[in-house]
Amino acid sequence: MKEKGYYIDGETIVVNRELNKLDLFLKDFLGVLREYSDYLVVSGFVSISTGRTRGTEDIDVLFPVMGKEDFGRFFGDLVGNGFWCYQGDSFEEVYEYVENMNNIRFARVDEMFPNIEFIPIDETKEAKFFEFSHPQKIKISDFEFKIPPLEFEILYKEIVLASEKDIADAIHLRTFFKDILKNEKFKEYESIVRKELK
Amino acid sequence: MKIVTKPVRDLDYVVLYANEIYKDNSLFDQQKELVESQLNSSSLLFRRKFGKGVGFKKKARDFLSKIGLI
């Protein structure tokens, strides 16, 4: 008997499928990160984790910029758990990127892809900070994590990113989640998303 | 009688697939194969290109620098 692709359990979207290797990579990364920081998983992985059938090389994760000591502990823990950082092997040199609000990337040892594109944010990045502050819970098998509100993610792809791939991702999300998307939320979020263009 | 519109553009297939996977979660099995196949191919490619261990990171960083990613 056919089962639906997702269902809603309270405040959580439950995607009705098994975990794949891409999910497990993110799960391991977030398993370390959660000890040190809050986060939000954004962009392509939101579409792919909900059924968009395309490959990807990276998973974008927002985090509020952290202090050097916390970052050092987090970095050491990641390395101890089998990750390496593209930008450097010492947390001091990598922290310079974070301090300057530049993205950094982590992959598993002896692998290039997939990687986590780790994106520091603060309140000056208004749209990103908004989605970070309004997370939607999603669960696949036993793996629960946070994504932006679906309407926000769709608008961000349509208005800000707007490449062919992003438009296709947005169409996927609009179709797959058509039963739960809310027009009033699209209206509410559009002006916030458009601030990212300025 | 159900009228089925034939997909024409690439994006029509995105809509078709999203509708079908919503109705039938067994299609996630196909998606899993595609996602993992890409990861396995990529892993094999870069292992052959850069080897393992300390050498891997050095060669990988040289490559990333050349393509402007770091």
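Rules and cut-offs
- Here the residue numbering is sequential within each chain, running from 1 through the sequence in written order.
- As a convention, the first chain written is A and the first ligand written is 1, with the rest following in written order.
- In view of the model being predicted, local features appear only for residues whose pLDDT reaches at least 70, and side-chain atom pairs are presented and counted only at 80 or more, with totals across whole chains, interfaces and linings using the full set of residues.
- Here, any two strands with at least 2 DSSP bridges between them count as paired.
- By the criteria applied, helices consist of DSSP H or I runs no shorter than four residues and strands consist of E runs no shorter than two, each listed in order from the N terminus.
- Every angle, taken between N-to-C directions, lies between 0 and 180 degrees, and every axis is a line fitted to C-alpha atoms, over only the stretch in contact when it is a helix.
- With C-beta atoms placed from the backbone, a contact is any residue pair whose C-beta atoms sit within 7 Å.
- The nonpolar class holds Ala, Val, Leu, Ile, Met, Phe, Trp, Tyr, Cys and Pro. Asp, Glu, Lys and Arg form the charged class, and all remaining residues, Gly among them, are polar.
- By definition here, a helix of n residues has an expected span of 1.5 Å times n minus one.
- Angles are sorted into four bins: roughly parallel if under 35 degrees, roughly antiparallel if over 145, roughly perpendicular if 65 to 115, and oblique for all others.
- Should the near helix be turned anticlockwise from the far one by less than a right angle, the crossing is termed left-handed; should it be turned clockwise, right-handed.

Undergrad: Would you mind going over the sheet that holds strand E9 (residues 143-147) of chain A with me for this structure?
TA: Each strand in a sheet pairs with another by means of backbone hydrogen bonds, the pair being arranged parallel or else antiparallel. Residues and elements named next belong to chain A. Pairing is mixed across the open sheet formed by four strands, whose spatial order is E1-E2-E8-E9. Strand pairing shows two members of the sheet lacking a second neighbour, strand E1 (6-9) and E9, which therefore form its edges. Across the sheet, the mean angle separating the axes of adjacent strands is 30° when strand polarity is ignored.

Undergrad: For this particular structure, what's the right way to read the interface of chain A and chain B?
TA: Accessible area lost during the coming together of the parts is what is often quoted as the interface size. With 27 residues of chain A in contact, the opposing surface of chain B contributes 30 residues. Elements represented by at least two residues in the side of chain A that touches chain B include exactly helix H1 (21-33) and helix H7 (164-176) of chain A. At five residues, the largest contribution of residues to the side of chain A that touches chain B is made by H7(A). Counted by class, the side of chain A that touches chain B contains 10 nonpolar, nine polar and eight charged residues.

Undergrad: Sorry, what's going on with helix H3 (residues 54-66) of chain B here?
TA: Given 3.6 residues to a turn, an α-helix orients residues that are three or four positions apart in the same direction. The end-to-end C-alpha separation of H3(B) is 19 Å, in line with the 18 Å expected for 13 residues at 1.5 Å each. Remark: B:Gly68 follows H3(B) within two positions and exhibits a positive phi of approximately 80°.

Undergrad: I'm lost on the sheet that holds strand E3 (residues 40-42) of chain A in this one. Help?
TA: All names here are of chain A. One open sheet accounts for five strands, arranged E3-E4-E7-E6-E5; its pairing is mixed. Since the sheet does not close on itself, it has two edges, and those belong to E3 and strand E5 (83-85), each with one partner. Strand-to-strand twist across the sheet, computed as the mean angle between neighbouring axes with direction ignored, equals 30°. As judged from the seven bridges shared by strand E4 (residues 58-64) and strand E7 (residues 115-121), these two strands associate in the parallel manner. Directly across from Leu62, in E7, lies its bridge partner Ile119.

Undergrad: Just to check I follow, could you spell out the packing of helix H3 (residues 68-80) of chain A against helix H4 (residues 91-99) of chain A for this structure?
TA: Residues and elements named next belong to chain A. At their nearest, the axes of H3 and H4 sit 10 Å apart, and the two run at 120° to each other. As judged from the angle between their axes, H3 and H4 are oblique. The chirality of how H3 crosses H4 is right-handed. Here Lys68, Phe71, Gly72, Phe75 and Gly76 of H3 come into contact with H4, specifically with Phe91, Val94, Tyr95 and Val98. In the contact of H3 with H4, the residues fall into six nonpolar, two polar and one charged.

Undergrad: When you look at the pairing of E9(A) in this model, what are you seeing that I'm missing?
TA: On a regular strand, each side chain points to the face opposite its neighbour's, so the side chains alternate between the two faces of the sheet. Both strand E8 (residues 136-140) of chain A and E9(A) contribute to a ladder of five bridges, which runs antiparallel. Across the sheet, the residue bridging to A:Lys137 is A:Lys146, located in E9(A).

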